[in-house]
Amino acid sequence: MSGTHKIKIAARLRPRIEHEIDDQGIQITHDEDGEGPSWICVPNPRDVTQVFRFPFTSCYDQDSTQEAIFEQDVRPLIDVVYSGVTVTIFAYGVTSSGKTHTMQGTKACPGVIPRVVEAMFEQKAALLRSNVELAVSYMEIYKDECYDLLVDRETAPKLPVRENDVGQVFVANLSSVPIASVEEFTAIYSQASKQRSVGATNLNRSSSRSHAMLTLEVTMTDSSAERSLTGKINLVDLAGSENNKLTGNDPTRMAESAAINKSLSVLGQVVHALNQGAAQSRIPYRNSKLTRILQDALGGNSVGLLICNLAPGTKFRQDTLNTLNFAVRTKNVENRPVVNERDMRPQPKPHFAAILPPPPKLAPAVLQPLEAVAGPSRGPRPSIARVAPRPSLAGAGQSRSRVPRASGIGVFGVQKGHRPSGVLALINETAETSGSLGMMQLTDKEIDERIARAVEVEVARRLKEREELERQEKENIALQLNLQREKEKEKLKEEDQRLPTGVLTPLMARHRDLDNELRARLEELEDKYERGTKELQLADVLSPASRKKTGRAYVMLARAHSEKGDLQVALDLYRKAESYVPDNVKLKERVIEIEWAVKNGATFVPSPKKPRKAKKTKAGKCNAMGKKVMNGDEDKEDMPMDGIHQMLEGESSGSANPLKRFKVEEDVVQAVSETPQKRVKCEIKVEGNSDI
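Bear in mind that the values here come from a model prediction, so they are computed numbers and not experimental data.

**Student:** Just to check I follow, could you spell out the pairing of strand β17 (residues 302-310) for this structure?
**Tutor:** One face of the sheet, then the other: side chains in a regular strand alternate in exactly this way. Counting buried residues along β17, nine of its nine residues qualify, which places the element largely inside the surrounding structure. Side chains Ser302, Gly304, Leu306, Cys308 and Leu310 of β17 all project onto a buried face; the interleaved residues Val303, Leu305, Ile307 and Asn309 project onto the opposite face, where all are buried too. Bridge count between strand β2 (residues 8-13) and β17: six bridges; the pairing is parallel. Note that in β17 the partner of Arg12 across the bridge is Asn309. Both strand β7 (residues 86-93) and β17 contribute to a ladder of eight bridges, which runs parallel. In the strand pairing of β17, Thr86 is matched with Ser302.

**Student:** Explanation requested: a negative patch on the surface in the structure shown.
**Tutor:** Among the surface-exposed residues, Asp444, Glu446, Asp448 and Glu449 lie close enough to one another that they form a single negatively charged patch. The topology assignment puts Glu449 in helix α13 (residues 444-497).

**Student:** Could you clarify how one ought to interpret the layout of surface pockets in this entry?
**Tutor:** Here the idea is plain: a probe the size of a water molecule rolls over the atoms and shows the empty space left. Looking at the second largest pocket, its volume works out to about 1000 Å³. Forming the boundary of the second largest pocket are 33 residues, of which Thr100, His101, Gln104, Gly105 and Thr106 lie nearest the centre. Mapped onto the lining of the second largest pocket, the elements with two or more residues apiece are α3 (99-103), α4 (112-126), α5 (182-193) and β14 (207-208). With six residues, α5 is the largest single contributor of residues to the lining of the second largest pocket.

**Student:** How should I be thinking about a nonpolar patch on the surface in this particular structure?
**Tutor:** Together, Val455, Val459 and Leu463 line one region of the surface with nonpolar side chains, adding up to about 230 Å² of accessible area. Mapping Val455 onto the fold places it in helix α13. On the basis of relative accessibility, which here comes to 35%, the residue Val455 falls in the partly exposed class.

**Student:** Please explain the packing of helix α16 (residues 567-580) against helix α17 (residues 585-600) as it appears in this structure.
**Tutor:** Any two packed helices are characterised by the angle at which their axes cross and by the distance between the axes. Close contact between α16 and α17 brings their axes to 10 Å; oriented N to C, the two are set at 155°. Accordingly, the angle class assigned to the pair α16 and α17 is roughly antiparallel. Of the two elements, α16 crosses α17, and the hand of that crossing is left-handed. In this structure, α16 contributes Leu567, Gln568, Leu571, Tyr574, Arg575, Ala577 and Glu578 to the contact, and α17 contributes Leu587, Lys588, Arg590, Val591, Ile594, Glu595, Ala597 and Val598. Class assignment of the residues belonging to the contact of α16 with α17 gives a composition of nine nonpolar, one polar and five charged.

**Student:** Looking at this model, I keep getting lost on the packing of aromatic side chains. Mind explaining?
**Tutor:** How two aromatic rings sit relative to each other is given by the distance of their centres and the angle of their planes. Under the definition given, this model contains four aromatic pairs. Relative to Phe326, the ring of Tyr92 has its centre 4.2 Å away and its plane inclined at 25°; by these criteria the two rings are stacked. With Tyr92 in strand β7 and Phe326 in helix α9 (residues 317-330), this residue pair connects regions lying 234 residues apart in the sequence. The exposure class of Tyr92 is buried, given its relative accessible area of 12%. Geometry around Trp39 places Arg53 over its ring, the cationic atom sitting 4.2 Å from the centre. In this structure, Arg153 is placed above the aromatic ring of Tyr147, and the distance from its NZ or CZ to the ring centre is 3.9 Å.

**Student:** Got a minute to help me understand the sheet that holds strand β3 (residues 27-29) in this structure?
**Tutor:** Adjacent strands of a sheet pair through backbone hydrogen bonds, lying either parallel or antiparallel. As summarised here, the arrangement of the three strands in space is β3-β4-β5, forming an open sheet in which the pairing is antiparallel. Each of the sheet's edge strands pairs with one partner strand only, and the pair in question is β3 and β5 (51-56). For this sheet the average axis-to-axis angle between neighbouring strands, irrespective of direction, equals 25°. For β3 and strand β4 (residues 38-43), the ladder comprises three bridges, and the chain directions are antiparallel. Looking across to β4, one finds that Thr29 is bridged to Trp39. With respect to the sheet, α9 is in contact with β4 and β5, its orientation differing from that of β5 by roughly 40°.

**Student:** I tried to follow the packing of α4 against α5 on my own but got confused; where do I start?
**Tutor:** Relative orientation of the contacting elements α4 and α5 amounts to 150°, with a least axis distance of 10 Å. When the interaxial angle is binned, α4 and α5 end up roughly antiparallel. Considering how the two elements wind past one another, α4 and α5 form a crossing that is right-handed. For the pair formed by α4 and α5, the contact residues are Ile113, Val117, Glu118 and Phe121 on the first element and Val182, Phe185 and Tyr189 on the second. Grouping the amino acids of the contact of α4 with α5 by side-chain chemistry returns six nonpolar, no polar and one charged.

Here is what the cut-offs are and how they apply
- Residues numbered from 1 in each chain as written.
- Predicted model: local features only at pLDDT ≥ 70, side-chain atom pairs only at ≥ 80, totals over all residues.
- Heavy atoms only, no water.
- Buried < 20%, exposed > 50% of the residue type's maximum accessible area, 1.4 Å probe, protein only.
- Helix = DSSP H or I, 4+ residues; strand = E, 2+ residues; numbered from the N terminus.
- Pairing = 2+ DSSP bridges.
- Patch = residues over 30% accessible without salt bridge, like charges linked within 9 Å, V, L, I, M, F, W, Y side chains within 5 Å.
- Areas by Shrake-Rupley, 256 points an atom, 1.4 Å probe, with all protein chains shown as cover.
- Salt bridge = Lys/Arg side-chain N within 4 Å of Asp/Glu carboxyl O.
- Lys, Arg positive; Asp, Glu negative; His and termini not counted.
- Charge placed at Lys NZ, Arg CZ, Asp CG, Glu CD.
- 1 Å grid on protein atoms, 1.4 Å probe; cavity = no way out; pocket = protein on both sides within 12 Å on 5 of 7 lines; lining within 4 Å.
- Points joined across faces, edges and corners; volume = space filled by probe spheres on them.
- Axes fitted to C-alpha atoms, helices over the stretch in contact; angles between N-to-C directions.
- Parallel < 35°, antiparallel > 145°, perpendicular 65-115°, else oblique.
- Left-handed = near helix turned anticlockwise from the far one by under 90°.
- Contact = heavy atoms within 4.5 Å.
- Nonpolar A, V, L, I, M, F, W, Y, C, P; charged D, E, K, R; others polar.
- Phe/Tyr/Trp six-rings, centres within 6.5 Å; stacked < 30°, edge-to-face > 60°.
- Lys NZ or Arg CZ within 6 Å of the ring centre and 35° of its normal.

See below:
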């Protein structure tokens with residue numbers, strides 16, 4: 001076989017779950033002679049008359065067992081691991097399609113992971129010449145972040161994904177625990193599996209919310225030959241793609257579902273780009289940590305097996321087609337497996353003028369086709385896969401040293417390749433140009449000349465590098481000085497922009513004065529509202545004529561006080577009068593004028609009255625003393641103010657009877673319009689009412 005190996009596909013249809021609608025649309029057919037591929041037939045959900053057929057090497061129906069899948073497709077890969085090659089097995093499918101059951105299984109029906117561990121220890125017991133050590137690491141990718149499951153998950157930090165100088169992708173600080181037996185692994189794995197992120201959805205009560213990756217590393221050391229082989233098997237349980245319309249996810253589950261679907265989408269993009277060819281498109285490994293870690297299994301240096309899990313329900317029909325289409329594209333991805341072999345002998349220090357061979361590359365793994373090894377899906381399993389002959393560990397002293405480029409999941413050390421210096425590189429280049437035979441025919445003088453030229457070139461290169469370093473150092477110092485000057489300028493500018501001490505003090509004092517003024521104004525408005533409300537309650541009880549008479553009485557008292565200069569009292573009386581006659585425009589103007597005078601401390605000058613037209617009256621009647629009877633306005637001017645004021649004060653008191661107050665008001669108005677003789681009687685009557 002050539003140095004390339006395509007990813008093998010195994011498809012498994014899980015049994016029907018209770019209450020699940022299954023129209024028996026997905027059918028699995030096998031070749032009649034048992035030697036050809038198997039087929040999965042799926043009807044088109046948009047057109048049931050159209051049926052899609054997908055050919056795969058291994059297809060398992062609803063009656064298949066865990067043992068059949070392991071013996072047919074997984075066990076042949078155990079020998080590949082012990083030959084020093086990395087193997088990756090991952091389960092792919094929609095949520096609730098049985099991926100975790102296929103990989104983990106139960107105690108009564110163990111899955112791929114426990115069966116692989118048991119087979120690894122069986123193979124270890126069969127190797128007697130080498131010292132074999134097994135180690136396990138277990139991690140999960142939750143919301144595109146890596147977490148170690150072999151430590152406390154609650155306090156586990158996020159682990160970064162790194163790549164070393166030889167191109168190995170690994171998860172930094174991921175723990176690796178040596179194991180010596182199957183029982184020890186079972187105890188570690190059971191405890192770690194409890195820490196994996198799971199959650200309940202409408203489709204699965206224990207749905208995996210993360211991608212889980214378990215790595216088993218086997219190291220075979222031959223102390224006599226001072227050589228070691230390192231094989232790995234990565235067992236990946238991918239979280240299933242989800243349709244949020246069916247799962248009924250809450251916000252937390254929605255965030256997890258978004259991260260899962262995104263990583264699986266990037267996985268599909270990587271497979272598509274690999275099918276297109278690296279020369280035509282960029283491989284987007286770095287778009288997701290899942291594809292970054294699986295880079296070695298997708299077009300890298302490992303042997304791959306993809307187990308597609310299918311759900312028979314009609315509601316999963318479109319997801320089933322998507323899974324099978326992904327599998328068809330994946331089986332065309334070619335990997336180039338290599339043997340991870342390392343020479344443990346100490347390397348001698350070469351002479352500076354010695355001609356060294358170029359750094360060796362990893363030997364490609366020559367494997368038999370797994371299809372030929374495993375056979376058809378229905379036939380019996382033939383013998384275990386055998387790796388093509390490779391150099392014996394005992395006779396490795398005659399072969400060249402191999403520098404492994406091990407890759408995969410874990411934090412295992414890798415020996416760095418030797419890089420020759422500039423002198424040796426130039427000598428090697430000269431040797432390759434002239435050929436080994438010509439080099440052997442050179443004289444000592446020619447060799448010395450070539451060495452001298454090489455030394456001169458190396459010295460010139462080093463001087464140039466030193467000058468370049470000095471120049472960069474000077475540029476860095478100048479840049480730091482410029483940054484420091486800019487910071488000092490910004491600091492001075494900030495200090496200049498600061499306000500001097502005491503600038504805000506007058507503003508704060510003015511602000512307090514405004515607050516006090518506003519508070520006083522609010523109190524004044526509250527008092528005005530209370531007085532106005534009280535007067536309005538009294539005015540609502542009176543008749544229109546009584547309200548008009550009472551308003552005139554208040555106006556008369558207010559005018560008297562304004563003439564005396566007591567503007568505040570006059571303003572209050574005018575406001576009371578306004579509550580009885582609210583439609584009087586002149587009264588409102590008078591209130592505004594007095595308010596302005598009170599506020600500004602000015603003298604109140606009433607607006608001039610309009611001249612009245614002379615009324616034609618009969619001969620004026622004279623009183624007992626021979627005087628003419630005055631009209632209404634003149635009576636108001638001569639009316640004793642103290643009596644009216646006393647009546648209005650009694651009216652405004654809240655303890656008096658309202659009916660009595662109304663009587664008082666009518667008497668006051670009547671007294672204004674009567675003669676002086678009756679005015680005296682009115683005053684006596686008012687005094688009597690006030691006593692009551």
